[in-house]
Amino acid sequence: MKNKGCLSAGTIGIALVVIALIAFFWGKNGYNTFVTKEQNVNAKWSNVETVYQKRANLIPNLERTVKSYSKFEQETLTKVVEARSKATSINVDPTNMTEADLAKFQAAQGELSGALSRLMAVVESYPDLKADQQYINFQREYTAIENSIRTETVYYNDAVQDYNTTIKTFPNNILASITNFKEKPLFKAAAGAEKAPDVFTE
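Residues numbered from 1 in each chain as written. Predicted model: local features only at pLDDT ≥ 70, side-chain atom pairs only at ≥ 80, totals over all residues. Heavy atoms only, no water.

Here we come to the overall build of the chain. Within the chain, the regular secondary structure consists of six helices and zero strands. Counting from the amino terminus, helix and strand elements in the chain follow one another as α-α-α-α-α-α. The buried share of the chain, reckoned over its 202 residues, is 34%. Of the contacts made within the chain by residues no fewer than 6 positions apart, 80% connect residues no fewer than 24 positions apart. (Helix = DSSP H or I, 4+ residues; strand = E, 2+ residues; numbered from the N terminus. Buried < 20%, exposed > 50% of the residue type's maximum accessible area, 1.4 Å probe, protein only. Contact = heavy atoms within 4.5 Å.)

And the structure:
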């Protein structure tokens, strides 16, 4: 009877060790997966910020070009400059980003998009400015950057979807809660976002 008792205790001990090892490796692999996917989200966000910054960097040259046409409506240009200032003042930490943070970022970038669209519409009334090589160069760069913005935000959303699904799936959600991995916000499509900006007109 004593031998049976010892054998049972030994078997239980081995079982507990096996369970502990399984839990350890599951936790380690799960945690490392979360870290890898979160780092991918952060990298994609960095790409998003980069293309938005490239767009903002176009504004000073545009401002100089437009200002050379003295009869151009100053108010329209001023709104672009102000919108650029607001958009570049918003910094988002991807490691602790909330829906509100991303919404604020998108709203400011949307305001700049709207101001630029209005400016380009007004330029149509100024044939000389419209034909200016500097302005033509701006149009080309702007179109390319807007297309890049669309591409990078899609890549970001894909990375976020993958990360969010991973940390919300059972039993990963238990480990994610213990290790404080939280959902990341997605870019929301703006009206007309599926269409590239039509800045070239006949």
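At their nearest, the axes of helix H3 (residues 99-123) and helix H5 (residues 133-168) sit 13 Å apart, and the two run at 155° to each other. Between H3 and H5, the angle is such that the two are roughly antiparallel. H5 is crossed by H3, and the crossing has left-handed handedness. For the pair H3 and H5, contact is made by Leu102, Ser113, Leu116, Met120 and Val123 and by Tyr135, Phe138, Tyr142, Glu146 and Tyr156, respectively. Here the contact of H3 with H5 is built from residues that sort into eight nonpolar, one polar and one charged. (Axes fitted to C-alpha atoms, helices over the stretch in contact; angles between N-to-C directions. Parallel < 35°, antiparallel > 145°, perpendicular 65-115°, else oblique. Left-handed = near helix turned anticlockwise from the far one by under 90°. Nonpolar A, V, L, I, M, F, W, Y, C, P; charged D, E, K, R; others polar.)

This paragraph deals with the nonpolar core. With 43 residues, the main nonpolar core has Trp45, Phe105, Leu116, Leu119, Phe138, Tyr156 and Phe187 as its most contacted residues. Those elements that provide at least two residues to this core are helix H1 (2-67), helix H2 (74-88), H3, H5 and helix H6 (172-178). For Trp45, the contacting residues outside a window of four places in its chain are Val92, Pro94, Met97, Leu102, Phe105, Tyr156 and Phe187. (Core = buried A, V, L, I, M, F, W, Y, C linked by side-chain atoms within 4.5 Å.)

On to H5. Here H5 is 36 residues long and its end C-alpha atoms lie 52 Å apart, about the 52 Å a rise of 1.5 Å per residue gives. Measuring from the side-chain oxygen of the N-cap residue of H5 to the backbone nitrogen of Gln134 gives 2.8 Å; that N-cap residue is Asp132. (Expected span 1.5 Å × (residues − 1). Polar contact = N/O pair within 3.5 Å; in protein donor to acceptor, adjacent residues only side chain to side chain.)

Here the distance between the centres and the angle between the planes together describe a pair of aromatic rings. Under the defined criterion, the tally for this structure stands at 11 aromatic pairs. Taken together, the aromatic side chains of Trp45, Tyr52, Phe105, Tyr156 and Phe187 make up a single cluster linked through ring pairs. (Phe/Tyr/Trp six-rings, centres within 6.5 Å; stacked < 30°, edge-to-face > 60°.)

Time to look at the environment of Asp158. Tracing the backbone shows Asp158 in helix H5. Asp158 sits in the partly exposed class, given a relative accessible area of 48%. Measuring from C-alpha to C-alpha, the distance between Asp158 and Val41 comes to 8.7 Å, with 117 residues separating the pair along the chain.

Together, Ile12, Leu16 and Ile19 line one region of the surface with nonpolar side chains, adding up to about 310 Å² of accessible area. Along the chain, the position of Ile19 falls in helix H1. Overall, the relative accessible area of 53% leaves Ile19 in the exposed class. (Patch = residues over 30% accessible without salt bridge, like charges linked within 9 Å, V, L, I, M, F, W, Y side chains within 5 Å. Areas by Shrake-Rupley, 256 points an atom, 1.4 Å probe, with all protein chains shown as cover. Salt bridge = Lys/Arg side-chain N within 4 Å of Asp/Glu carboxyl O.)

Once that is clear, we can look at the pattern of salt bridges. Per the counting criterion, the structure on display carries 10 salt bridges. Glu99 is the salt-bridge partner of Lys188, the closest N and O atoms lying 3.1 Å from each other. Placement of the pair is Lys188 in the segment after H6 and Glu99 in helix H3, with a sequence separation of 89 residues. For Arg150, the salt bridge identified is with Glu146, shortest N-O distance 3.9 Å. Of the two residues, Arg150 and Glu146 are both situated in helix H5; the distance of four residues between them amounts to about one turn of the helix. The partly exposed category is assigned to Arg150, whose relative accessible area is 21%. Taken together, the shared-partner salt bridges connect Arg55, Glu146 and Arg150 into one network.

Moving on to the packing of H2 against H3. Running from N to C, H2 and H3 cross one another at 160°; their axes reach a closest spacing of 8 Å. Looking at the two axes, H2 sits roughly antiparallel to H3. Remark: the crossing between H2 and H3 carries left-handed chirality. Where H2 abuts H3, its residues Thr76, Leu77, Lys79, Val80, Ala83, Arg84, Lys86 and Ala87 lie against Ala108, Gln109, Glu111, Leu112, Ala115, Leu116, Arg118, Leu119 and Val122. Counted by class, the contact of H2 with H3 contains 10 nonpolar, two polar and five charged residues.

Bear in mind that shape data such as this cannot, by itself, settle questions of function.
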